[in-house]
Amino acid sequence: MTSLTSKQNSFIGMIKEKNLPTKWVAPKKPPFREDILEDKISKEKTLNHQRQQLLDRYEKEKLKNTFKKQLCVEMLKDGFHSSFRELDFILKLQIEDRYRVGSEHPVWDRPLLDNEHEKLEYLCKKLTEAESSERANEFKKVYVNNNDLANYFLLRDDNWLSDYFFEKCLNIVKEKSKNLDEQFLAEAHSNLGLAFERQTTDYTAKSEKVRESYFKSMEHFQECYNLSKGKDWFILNKSKDFTKNDIEKLHQIRYQYAEEKLKHMDSPTIFVDACIHLQRIYRIIAERYSANAQEKIDTLSKAYEVCKNSFIGSLEGHASFLLGDAYTENKDLDTALACYKNYFDISKRDKDEENFGIASEAIAKCHEKIGQIDKSIEYLEKYLKDVKKMDRQYSRVCNCLANIYNAMVCKVILIKSLLQF
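Residues numbered from 1 in each chain as written. Predicted model: local features only at pLDDT ≥ 70, side-chain atom pairs only at ≥ 80, totals over all residues. Heavy atoms only, no water.

Caption draft 1: The packing of helix α7 (residues 139-155) against helix α11 (residues 244-254), seen in detail. One can describe the packing of α7 onto α11 by two numbers: an axis separation of 10 Å at closest approach and a directional angle of 80°. Looking at the two axes, α7 sits roughly perpendicular to α11. Contact residues: α7 offers N151, L154 and L155, while α11 offers D246, K249, L250 and I253. Residue composition of the contact of α7 with α11, by class: four nonpolar, one polar and two charged. (Axes fitted to C-alpha atoms, helices over the stretch in contact; angles between N-to-C directions. Helix = DSSP H or I, 4+ residues; strand = E, 2+ residues; numbered from the N terminus. Parallel < 35°, antiparallel > 145°, perpendicular 65-115°, else oblique. Contact = heavy atoms within 4.5 Å. Nonpolar A, V, L, I, M, F, W, Y, C, P; charged D, E, K, R; others polar.)

Caption draft 2: Spotlight on the environment of L185. For L185, the location among the structural elements is in helix α9 (residues 182-199). Between the alpha carbons of L185 and N171 there is a distance of 9.3 Å; along the sequence they are 14 residues apart. Sequence-distant contacts of L185, that is, excluding residues within four places in its chain, are made with L170, V173, K174 and L227.

Caption draft 3: Region of the structure containing the confidence of the model for the chain. On average, the chain scores 83 in pLDDT, and the residues at 70 or more come to 79%. The low-confidence segment residues 10-17, where pLDDT is below 50, has one contact with residues more than four positions distant or belonging to other chains. Taken as a whole, residues 409-421 scores under 50 in pLDDT and shows zero contacts with residues more than four places along the chain or in a different chain. (pLDDT = per-residue confidence, 0-100.)

Caption draft 4: Spatial organisation of helix α14 (residues 313-329). With 17 residues, α14 ought to run about 24 Å at 1.5 Å a step, and its terminal C-alpha atoms sit 25 Å apart, in line with that. The buried fraction of α14 amounts to twelve of the 17 residues, a majority that puts the element mostly inside the structure. Of all the residues in α14, the buried ones are G313, L315, E316, G317, A319, S320, F321, L323, G324, A326, Y327 and T328. Buried positions along α14 lie against α12 (270-289), α13 (293-310), α15 (333-349) and α16 (353-370). Looking at the residues trailing α14, positive phi occurs at K331, about 65°. (Expected span 1.5 Å × (residues − 1). Buried < 20%, exposed > 50% of the residue type's maximum accessible area, 1.4 Å probe, protein only.)

Caption draft 5: Highlighting the nonpolar core. Counting residues in each nonpolar core, the largest one holds 63 residues, and the members touching the most others are L87, I90, L113, L123, F153, L161 and F165. Residue contributions to this core peak at ten residues, all from α12. Among all residues touching L113, those that are not within four sequence positions of it are I90, L91, Q94, K119, L120, L123, F153, W160 and L161. Core analysis: the next-biggest nonpolar cluster, separate from the first, contains 30 residues, I276, C307, F356 and A362 among them. (Core = buried A, V, L, I, M, F, W, Y, C linked by side-chain atoms within 4.5 Å.)

Caption draft 6: Representation of α7 within the structure. Look at α7: 24 Å from first C-alpha to last across 17 residues, which is about the 24 Å you get at 1.5 Å a residue. Looking one or two places after α7, you find D157, whose phi comes out positive at around 65°.

Caption draft 7: Quick look at the packing of α12 against α13. Axis separation between α12 and α13 bottoms out at 9 Å; the angle between their running directions is 165°. Between α12 and α13, the crossing angle belongs to the class labelled roughly antiparallel. For α12 against α13, the interelement crossing comes out left-handed. Mapping the contact onto sequence places F271, V272, C275, L278, Q279, Y282, R283, A286, E287 and Y289 in α12 and E295, K296, T299, L300, K302, A303, V306, C307, N309 and S310 in α13. Per-class residue counts for the contact of α12 with α13 are eleven nonpolar, four polar and five charged. (Left-handed = near helix turned anticlockwise from the far one by under 90°.)

Structure (structure tokens):
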């Protein structure tokens, strides 16, 4: 026992002599080896590369090319060569149009179609759909696709491209007249008539160009008017590509030059639509481009006939009033008086107090020029009795009546003074 205890004591003494730590210490980490990490990364890259599918030649070119070139390659790959040629023509046409109007025109500051991916994609989509429909002899779809393109670019103020597709729609209907109804022809003429009228608002256009645009607009509206007369046709603008707001905006663009009362008409027929636009063009041509008084009367007579056939009382009455003014300028007071009385009857029938007052004033002035003062006073007093609304027109009639009475008093005083001599 003594020997065992002595050995233990000697062992403990040996541990104490070496001054070892009393707490446990974790072993040191092996040194960092970059070669192991690089090897691991390269293995992961190899595995990822093996998992990926290899790209063919077409997909490689797609990643290298611009968006325009990608669309062109896809069109040619799918066999739409006609659409590709038309797209190329349109892109060149835009550049030519920019140089034609010059750097001072706002068109110069607009981006090219090459850089407007949304427009370019929609254009390619509709061109290829139209070509597919043409191959299947579905010419109605060909017309609809091109008409959608025209309205799409009209909404985005690209009028040059909108006008191009409206004109193309008309050419399609003319070429395929056996396969398409006359309704499409009437609508195409109407759309192109509006396109020419919009061209007159270009402030860079010369006066001769504006005059030419008005007369071209008149020709197209006349064609639409003649084709749709007696037909219950409606404008076929029900594309799925347009939202409700887009359709409302197209309606506003269509009637932006119309009279204020007619801007909010709900879905008029193509014939009524043609009447609204044609009478306005007739009035503009009569006012600006008539060579003499008789030519002005002839043009306004056509406008009145169109308004009468539209069955819109306000249009017919106003046209009758303008025709009366033209006869008054030509010193044909009897015919002018008949026109004013027609305006008076229409306004009274429609209970239009404002136009009723204008008609009464016009009749009174015409009677005064003829020398029939009593009848002049009669019409003015009739208006003042029938109308209770105190507005600007009421004041004008009162002023006109006062001027007549004043003139009569002056004549009496003049006669009395002459009799004294």
